[in-house]
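# Remarks on the overall topology
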Amino acid sequence: MPRLPLLLLGLGVLSATVHAGEIKFNRDVRPILSDNCFACHGPDAQKAKGNLRLDLRESAIKPAESGEIAIVPGKPQSSELIKRIFTDDTGELMPPPKSHKKLSAAQKETLKTWIAQGAHYEQHWGFTKPTRPDVPKLSGPLGNWVRTPIDAFIGARLQQENLSPQPQATKETLIRRATLDLTGLPPTPQEVDAFLADSSESAYEKVVDRLLASPRYGEHIAANWLDIARYADSHGFQVDSSRMMWPWRDWVINALNSNMPFDQFTVEQLAGDLLPSATRSQLVASGFNRNHRINGEGGIIDEEWRIENVIDRVETTGLTWMALTFNCCRCHDHKYDPITQREFYQFFAYFNDVAERGSIQGESNRSGGNPDPLILLPNAEQEKKQAKLKEEIKTAEALRDGAAKQLPSLQSEWEKEFSKQLEHDIVAWKRLEPTEVKSAGGATFTHQSDGSWLAGGTNPANDTYEITTKINAGQLTGILLDVLPDETLPNKSLGRGANGNFVLSGVEAEITAPTLPEPRVAEFTSAEASYQQKGWEVNLIVKDQPKPGAKEKKEKNKSGWAVDGNDPAKRQPRKAMFLCNPVEIPEGATLTIRLLHGSQFGDHNIGRFALSTTALPPSTVKLEGAKIPPTLRAALKADPAKRTPTQQNEITKFYRENTDNPLKRAEAAVAKAKKALDDFNATLPSVMVMKDLPKPREARILLRGEYDKPGDKVERALPAALPKLPDGVPNDRLGLAKWLVSPEHPLTARVWVNRAWERFFGTGIVKTTENFGSQADWPSHMDLLDWLACEFMQPTALPPVNGKPAQAWDMKAMHKLMVMSAAYRQAATVTPQSLEKDPDNRLLARGPRFRLPAEAVRDQALAISGLLVEKIGGPSVKPYMPTAVWDETSVYGNLRNYQADTGEGLYRRTMYTFWKRTAAPPTMLLFDSPSREICTVKLSRTNTPLQALALLNEVTYVEAARKLAERMISEGGATADDRIAWAFRMATSRKPAAEEISVLSKGLAARLERYKKDGEAAKKLITQGASKPDAKFDAAELAAYTMTANVLLNLDEVITRE
Amino acid sequence: MNCNDHCFSGLDSETRAALSRRTFLQRAAGGIGLAALGGLLQRSVTGGEGLAGFPNFPPKAKRIIYLFQSGAPSQMDLFDPKPEMEKQRGKNLPDSIRKGQRLTTMTSGQKSFPVAPSMFKFAQHGKSGMWFSELMPHMAGIADEFCQVRSVFTEAINHDPAITFMQTGSQLAGRPSIGSWVAYGLGSENKDLPAYVVLTSFGSGRKDDQPLYDRLWGAGFLPAKHQGVKFRNKGDPVLYLSNPPGVDRETRRETLDELGALNKKHFDTLGDPDIQTRIAQYEMAFRMQASVPDLTDTSKESKETLEMYGPDVKTPGTYAANCLLARRLAERNVRFIQLFHMGWDHHGGLPNAIKGQCKDTDQPTAALIKDLKQRGLLEDTLIVWGGEFGRTIYSQGALTETNYGRDHHPRCFTVLLAGAGIKKGLTFGATDEFSYNITEHPIHVHDLNATILHLIGVEHEKLTFRFQGRDFRLTDIHGELVKPILA
């Protein structure tokens, strides 16, 4: 194989081409075939062109459709593949020019050599269980450099590439690096001092153990898991209203802080609900796969979006635990990896049974809420209240059952009474002869010959008429109001309004009697009118009617009944009836009726009216009289012994609905008690969880991945290229979770250790953290990856953390191992040699150096300034956000009109910031956070002027700078130089050089002078943010220091962990 | 921004290596000055702009102004006249036309699907005789500038997936938007402004209309630096652009000098080229603090110009004001300028609502095109006008003499193009007499996007990004160039 030019070698230090000697299929050949050939000659069997597959040796060495043999082992000259990749004939050339794929000369040579060497295949490493490689033994200076097995692997490779590691970073840099990496916050100067003062061998380990025990650890590690889990506080999609998933987020923090082993962490999140007698905590954990978006757009088809939910779970689970791109198989067999479309839907079947609707509708869609399945999360006190309310329901139900027993005898008495009534002509409405008619506002009433009353005298703005009369024993079920035109009224119409109209805004009726301890108030249930003005319908009165017992009444009812009384063509007598739940009237009772005129139209009082009442069953009463259903009449006439069941039912139903009876009252009490529980539950925190239907849904292959094109039926099963379900586990979601963390699984442990590596070293051992399939980037240290994966599952060398021996799947211990390594502890100094040869620092001949993640950028500023409020968990908070970020693009849902918190919510750790997916916190997006719409396992790391503007000008950073300035003045010493040095150390953990102090102090002096001249500007600057400076500070001085602190918080060294 | 892609970024390995050679040489020769750093970064970039090999051929358009009409304008009330429908008024949409195609659940439960002919009068305009309804007098006035494509179709029937599909080539979240793709492939031609700028406005036709989402201009899996920069209608046009109260430009310059000096010193110790990028970014931020206010300050626009855009132009955040800004962005060579105007979702009360929308957009759209033409910019600017799908010929809800509504319709809708590389005065594609199915030249969203990319010099199959082991592109594995509409 020809040597490559130096430059290429430098850039491609990790590519397969640099390895001289024997070709290794997985390292050297598979990437070429996978990238260039598999799309047409790969695992997607249906699409294999010319019946040739190059991913399978047996296919590649057999004659293809054309009769030619692609690969003749040992004989490149006879191999059609070689002919076709070297030809000049564009019609023959492979890959075809149309594909825009092109093999380099080196790649062609590699294929040729590989075939010459016998064309040996290997299974893709990602589908082969890792076996524990031997730890290399190093001698000489590198041997002394090694602190952990990790270093042996790293050192061996450095030796091979003729590179040597950097010396250990300074203690200041080291403690800052480890503290930021493990807790997301910088060390305090006291912590730095303690470390500097500790010259013991274990000084660094003590720091690491302390950090691993800090509650900040769980928060920091969780932040990345939230990106992966697409956690947010809104549903996403069009309406994007709020949801409550923070109890799940808090579960993650707690699990990480208590060092839950990763296998358990996995099982509880994927299938906590299926664990035997699952605890509340395990149910909450299962919320992982409910964090996906849920669509609530009007007009959507539920099933389409339920399928999307299921597919999101498949993709997220595949990506999170296996770094496999299952989503490629939604529509067809995978182009690169051995996963078929059928297998995709077999995997889909594990997640298809959630008792969900698929979309979010109704109130929850508009105003926020959690769609089913969910669990409530009352605290101990709330649980007590729940128990009490449940007890009240039981009591009410017992009373109801008792009442039901009494009912037959009551009913038979009523039947006799009612049947008697029916023998006579029924008069529905009985005109009232009031003993008194009063106006609250001083109007007078004249009794008319037809029994009606005409209002006169003053016409107050919003009058109330009170009518009192004696009433016979029996029951009250409704009131009829006749309104009549009169010559004396404006426009000769019905109302006293200047135009002749009126608006009746309310009707009240109550029965009083010496035998009654308190009045019985009629509860109106429906209303009907002979005519009603558009928009002023009579039933509005009933809807607005205050419920009996309600204290407050509406000051002014905007709605009400009006009759177009201003229209001369419509001056007709009008009727309105108001039906109520039957009210029992005792002997010697008085009825009081009030007519309310509370509309915004001041003088719209009724002019002339009459009132009637009825005692008939409400369902029989009409405006013009009564109507008893003939079938009921017939049923009542029939001999009770000979009634048909239908007849008996009709009578019972009629009786129950139309009389005031004990059962009806008891049922109302039960409903009230149940409502009280519902209302209380609605105030409790909840979280969406996994819960399967009792009977699994049928799963089918979806043709082209479309919900409405079902194909063959499939059952739950795992892809054949991956291990089988372990013995003794059920073939359900729980089994699937256990399968992922079984020792046979080739991917889970590798994926996890790789992601941990990326956290501490900037880039994963496999650079494509998001893909471990055939197209994965070749690992920079394959052996190390496998060693770490085996070590994670079965520890032999993992260090104890705070004295606790490492367990299997021990996340803290693995994190500790990584940060204890010599590779991690190196200085980040870049040498020309290492930059030239390994620009991305994959080989680690220098310490890793990269910008802090978005959360840590802000948290650090809050911490250094002293503004940070540390408190774990709880509802998400709303720090500063520029005006209208939520409102410029949406008028939908309940997440609009963002109001920043006023207290501690402004200064909590960034991971608690309220996350609306369609308009995410803007500074987070600027610093490369994903939108949290889908599972994201790898973030970009960019550097833009917009980031600079945010760090210079955003109020959070301006306020933090001022707070730091206050501390400089009060805690930093007496002179400007001392204060600068103090703050410099706060920000960077190290002491500044004289030159650095001088740059800053020169600037400070210049600004001090300027702000002294411009006191107004100084005052403006130092009053930014919700916290205000103490009056003891001189405004000009504080402003000058604020800008110096602003410089410090913007230093590359500060926003970078190095 | 000084982009050359890399100023807006973390460095890729190639640049990092190239940089290392230069910077170490210069350091060896006695160090480099702060001012030299920006230039150094600029020079260091292979291919000067965007990706090597892009544009793939000399482009017709240097920039794109995409006037997105969000909510889906009704094609048969604006561009695609169906006079025969008067005879069908109130009759049920024939099954032979509907062909069992799926409907949204807003109308799938309707007992009947009464045909609602457009209330608006249509006429032919210009030499080309292009049809416009009376609602679009100003655009009709420049009919010969447009190519009217009546046969675009999509796959989604709801707004969120449909608008996401138009913008990213996928109905689901996660893919980069078209502007991000262009910014990634071609970089910026402007040293003080982003490559992809987004402007939004609410419509007066339906004030409670469809929202927009970050993802519509998001970078998906591309590096986040390529996301569209949404200019804001209130406060700073670019987030955090202004210095805090009490900090003037002189003070800012002074602090940036301190910051630069300290960062430079740290670079001298550590040698990490990422520090140089950081320094350059702060300098660029400082330049933006001047260039953005200059961009948004329209006080020096002539009276004639302002009048051309109509009265709304003076109200920030309106479509008219955004059209004027679009011209100013185009003058500054911003690569991809996208306006989103909300309010086109007219399920009920369409006649009234669409009038409001047309009043918002008709005059400013025409003014933008005329303005660009006057300044010689139209010949290398591509204009696209369209929404995410069409609307149904049948009425949603009751049909009366003066009122009707229309539901979502993915099977055909009209998109207008103008400017660079577009055949002027062409009406292309056709629909059946119900404007329900396409009868001539169906153009899928991927075809439209492939054509837009082509006009800016990008072969859509070549602009790819490796993610999760696969080379992704805007047009997925589809997209055919629509050659007949190209000049």
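Given the structure is predicted, the values throughout are model-derived calculations rather than measurements.

So, how was this worked out
Residues numbered from 1 in each chain as written. Chains lettered and ligands numbered in written order. Predicted model: local features only at pLDDT ≥ 70, side-chain atom pairs only at ≥ 80, totals over all residues. Heavy atoms only, no water. Helix = DSSP H or I, 4+ residues; strand = E, 2+ residues; numbered from the N terminus. Contact = heavy atoms within 4.5 Å. Rg over C-alpha atoms; globule rule 2.2 N^0.38 Å. Buried < 20%, exposed > 50% of the residue type's maximum accessible area, 1.4 Å probe, protein only. Areas by Shrake-Rupley, 256 points an atom, 1.4 Å probe, with all protein chains shown as cover. Lys, Arg positive; Asp, Glu negative; His and termini not counted. Charge placed at Lys NZ, Arg CZ, Asp CG, Glu CD. Expected span 1.5 Å × (residues − 1). pLDDT = per-residue confidence, 0-100. Bend = angle between axes of the 7 residues up to and from the residue. Polar contact = N/O pair within 3.5 Å; in protein donor to acceptor, adjacent residues only side chain to side chain. Pairing = 2+ DSSP bridges. Axes fitted to C-alpha atoms, helices over the stretch in contact; angles between N-to-C directions. Left-handed = near helix turned anticlockwise from the far one by under 90°. Nonpolar A, V, L, I, M, F, W, Y, C, P; charged D, E, K, R; others polar. Phe/Tyr/Trp six-rings, centres within 6.5 Å; stacked < 30°, edge-to-face > 60°. Buried area = accessible area lost by both parts, 1.4 Å probe. Salt bridge = Lys/Arg side-chain N within 4 Å of Asp/Glu carboxyl O.

Within chain B, the secondary structure is distributed over 14 helices and 17 strands. Excluding contacts between residues fewer than 6 apart, the proportion of contacts in chain B whose partners are at least 24 apart in sequence is 79%.

Let's shift gears to the overall build of chain A. From N to C terminus, chain A includes 38 helices and 20 strands. The C-alpha atoms of chain A give 40 Å as radius of gyration, which overshoots the globular expectation for 1058 residues (31 Å, by more than 25%). Taken across its 1058 residues, chain A has 59% of its residues classed as buried. A fraction of 72% describes how many contacts in chain A between residues 6 or more apart in sequence connect residues 24 or more apart. Summed over all atoms, the accessible surface of chain A reaches about 42,500 Å², with 52% contributed by carbon and sulfur. Averaged over its 136 positive side-chain charges, chain A has a centre that lies 0 Å from the centre of its 133 negative ones.

All names here are of chain A. The terminal C-alpha atoms of helix H13 (residues 246-257), which comprises 12 residues, lie 16 Å apart, in line with the 16 Å expected from a rise of 1.5 Å per residue. Along H13, 10 of the 12 residues are buried, which leaves the element largely enclosed by surrounding structure. Of the surrounding secondary structure, the elements contacted by the buried residues of H13 are helix H12 (215-228), helix H14 (262-271), helix H15 (280-285), strand S16 (686-688) and helix H27 (811-820). Among the residues trailing H13, Asn259 stands out with phi positive, at a value near 55°.

Below, the discussion takes up the confidence of the model for chain B. Residue and element names in this part refer to chain B. Per-residue confidence for chain B gives a mean pLDDT of 90; residues scoring 70 or more make up 90%. When the criterion is pLDDT under 50, residues 1-10 qualifies, and its contacts beyond four places in sequence or with other chains add up to 57 contacts. In this model, residues 24-48 is a region of pLDDT below 50 whose contacts with residues beyond four sequence positions or in other chains number 41 contacts. For this predicted complex, the interface confidence reaches an ipTM of 0.86, while the overall pTM sits at 0.83.

This next bit is on helix H10 (residues 273-296) of chain B. All names here are of chain B. With 24 residues, H10 should reach 34 Å at 1.5 Å per residue; the first-to-last C-alpha distance of 34 Å fits that figure. A maximum bend of about 30° is found in H10 at Met288. For H10, the buried fraction is high: 18 of the 24 residues fall into the buried class. Two or three places before Asp274, at the opening of H10, Asp272 has a side-chain oxygen 2.9 Å from that residue's backbone nitrogen.

For the rest of this paragraph, the subject is the sheet that holds strand S6 (residues 464-471) of chain A. All names here are of chain A. A sheet is described by the order of its strands in space; here five strands give the open sequence S3-S6-S12-S8-S9, paired in antiparallel fashion. Pairing within the sheet leaves two strands with one partner each, and these edge strands are strand S3 (436-439) and strand S9 (520-521). Bridging between strand S8 (residues 506-512) and strand S12 (residues 589-596) involves seven bridges; their strand directions are antiparallel. What sits directly across from Val507, in S12, is Leu595.

Its place among the elements puts Ile339 of chain A in the loop between helix H16 (302-322) and helix H17 (341-348). In the structure, Ile339 of chain A is positioned 380 residues away from Pro719 of chain A in sequence and 6.3 Å away in space, judged by C-alpha atoms.

This part is about the packing of helix H35 (residues 994-1013) of chain A against helix H37 (residues 1035-1050) of chain A. All names here are of chain A. Following both chains from N to C, one finds H35 and H37 inclined at 145°, their axes separated by 8 Å at the closest point. The two elements H35 and H37 meet at a crossing, and its hand is right-handed. Here Leu1000, Leu1004, Arg1007, Leu1008, Tyr1011 and Lys1012 of H35 lie close against H37, whose contacting residues are Ala1036, Glu1037, Ala1039, Ala1040, Tyr1041, Met1043, Thr1044, Val1047 and Leu1048. For the contact of H35 with H37, the per-class residue count stands at 11 nonpolar, one polar and three charged.

Centre distance and the angle of the planes are the two values used to describe a pair of aromatic rings. One pass over the full model with this rule turns up 58 aromatic pairs over all chains. Ring plane angle 20° and centroid distance 5.6 Å describe the contact between Trp251 of chain A and Phe265 of chain A, whose orientation is recorded as stacked. Of the two residues, Trp251 of chain A sits in helix H13 while Phe265 of chain A sits in helix H14, which places them 14 residues apart along the sequence. Phe265 of chain A carries the same exposure label as Trp251 of chain A, and that label is buried. On the basis of an interplanar angle of 55° and a centroid distance of 6.1 Å, the ring pair of Phe132 of chain B and Phe146 of chain B is categorised as tilted. With Phe132 of chain B in strand S3 (residues 130-133) and Phe146 of chain B in strand S4 (residues 146-153), the pair connects residues that are 14 residues apart, well separated along the chain. For the pair shown, Phe132 of chain B and Phe146 of chain B are each scored as buried.

On the chain B side, the residues contacting the 99 residues of chain A number 98 residues. Of all residues in chain A, the largest losses of buried area upon contact with chain B belong to Glu888, Thr889 and Asn943 of chain A, amounting jointly to 9% of the total for that side. Inspection of the chain A/chain B interface yields 11 salt bridges. Taking the shortest distance from any N to any O, the salt bridge between Glu888 of chain A and Lys230 of chain B comes out at 2.7 Å. Connecting chain A to chain B are 45 residue pairs in polar contact (both at pLDDT 80 or more). Split by residue class, the side of chain A that touches chain B holds 44 nonpolar, 26 polar and 29 charged.

With that out of the way, let us pick up the side chain of Asp486 of chain A. Residue and element names in this part refer to chain A. Along the polypeptide, Asp486 turns up in the loop between strand S7 (474-483) and S8. Separated by 2.8 Å, the side chains of Asp486 and Thr488 make a polar contact. In contact with Asp486, other than residues within four places in its own chain, are Leu454, Lys492, Ser493 and Arg608.

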